[in-house]
Amino acid sequence: MRVRHLQVSDFRSWQHADLDLEAGASVLVGANGQGKTNLVEAIGYVATLGSHRVASDQPLVRHGCARAIIRAAVVNDGRELTVELEITPGKANRARINRGPVPRTRDVLGILRTVLFAPEDLALVRGDPGERRRFLDDLLVLRAPRYAGVRADYEKVLRQRNALLKSAASNRRARRADPEAVSTLDVWDNHLAEHGAQLLAARLDLVADLAPRVAAAYAGVAPESRPVHIAYRSQIEETLPPGYGKPDGERADIEVVADALLARMALRRDAELERGVSLVGPQRDELDLVLGEAPAKGYASHGESWSFALALRLASYELLKDEGSEPVLVLDDVFAELDRRRRQRLAEVAVGAEQVLVTAAVAEDVPGELSGARYSVADGEVRRV
């Protein structure tokens, strides 16, 4: 899989950019603030419909413009598809495939798969649990695009259930009886369990498949360090059969997970009504990152944190590749952050990729193994050198 051509209009700092890309390594070199990261961000947006840098679409549109356009020609197994995305903050984004409109923007998911490693990834280790949940869910969508719909459905149900709980909590504090709200909550419990079980079960299976790859990747990047492992932690884990979410363990059963969610919600009903928010569900779960016997967050050194973040991305790349759909590997301004050994390990993986896109402020930061096509990014222009 590779991107053959990228074109953006009014995206971030770019009024217009047009870029032909080749298989193998392509290195975009430019000083900070020249827009090289914006170009690989556009490629990542095609793959995920989101940015690795910001949570909303508004910053993606060039200041003073109403919308941004991204077009990418993607080649996969000899077949080329052109994806066009129109990003309009405050309105529904629109998508086209080979110039034909599609009913939903998320219908383009799966055409391009990318694994991106960037300085922001340090938050996977040092940040809040939401960073790690997002990592899992983004990887789920890359693995199977239908999970974009599963996640959207779950988030919609969660918002509606939280609104009902907030209203019920307000009535309780005012000492107003509201039996209708409680009976309606039973209905939303079932909806939350139904959609939440699909997401949670998929996360459990993903972590089971990812865990040995993370351990191996970390050992390769930091062989002198303590071993690492990852594990999925949920409020319902004590009610699940042994082995769920573990390598070589039993695959998660959606009905079993749904029943466990319903049982946990029943136990937490009074607390939810008191606080006015959902306290059970995958939005409360955590991906534990463990270094030796201690949590990586708070105990890992700066170098160990970088190694763990890199291992998570390399493991993601290997998982997608092993499942038959090699993603485009994007390395955004990371070589300057790594020591010689970590640079070398990352280069060894990258050089074997069908396509790897690298950004760097200084060309000398990029290992010689990635001496493919070079592009200069400066003064609002990108050109082959």
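So, how was this worked out
Residues numbered from 1 in each chain as written. Predicted model: local features only at pLDDT ≥ 70, side-chain atom pairs only at ≥ 80, totals over all residues. Heavy atoms only, no water. Phe/Tyr/Trp six-rings, centres within 6.5 Å; stacked < 30°, edge-to-face > 60°. Helix = DSSP H or I, 4+ residues; strand = E, 2+ residues; numbered from the N terminus. Buried < 20%, exposed > 50% of the residue type's maximum accessible area, 1.4 Å probe, protein only. Pairing = 2+ DSSP bridges. Contact = heavy atoms within 4.5 Å. Axes fitted to C-alpha atoms, helices over the stretch in contact; angles between N-to-C directions. Polar contact = N/O pair within 3.5 Å; in protein donor to acceptor, adjacent residues only side chain to side chain.

A.B. asks: How would you summarise the packing of aromatic side chains if you had to cite specific residues and measurements?
C.D. replies: Each aromatic ring pair is summarised here by two numbers: the centre-to-centre distance and the angle between the ring planes. Inspection of the entire model under this criterion finds two aromatic pairs. Taking 5.7 Å as the distance between ring centres and 90° as the angle between the ring planes, the aromatic pair formed by Phe 117 and Trp 306 counts as edge-to-face. Taken together, the positions of Phe 117 in strand S8 (residues 114-117) and Trp 306 in helix H8 (residues 302-322) put the pair 189 residues apart, joining distant regions of the chain. According to the relative accessible area criterion, Phe 117 is buried, its value standing at 1%.

A.B. asks: Hey, could you go over the sheet that holds strand S6 (residues 94-97) for me, with residue numbers and the actual values?
C.D. replies: Spatial ordering of the open sheet is given by S2-S1-S4-S5-S6-S7, a layout of six strands whose pairing is antiparallel. Only two strands of the sheet have a single partner each, and these edge strands are strand S2 (14-20) and strand S7 (100-101). Its contacts with the sheet put helix H1 (residues 36-48) on strand S1 (2-11), S2, strand S4 (68-76) and strand S5 (79-87), and the angle it makes with S1 is roughly 110°.

A.B. asks: How would you summarise the side chain of His 5 if you had to cite specific residues and measurements?
C.D. replies: Of note, His 5 is situated in strand S1. By relative accessible area, which is 17% here, His 5 ends up buried. Of the polar contacts made by the side chain of His 5, one reaches the side chain of Asp 18; its length is 2.6 Å. Not counting the four nearest positions on each side in its chain, His 5 is found in contact with Asp 18, Leu 19, Asp 20, Arg 71, Ala 72 and Ala 73.

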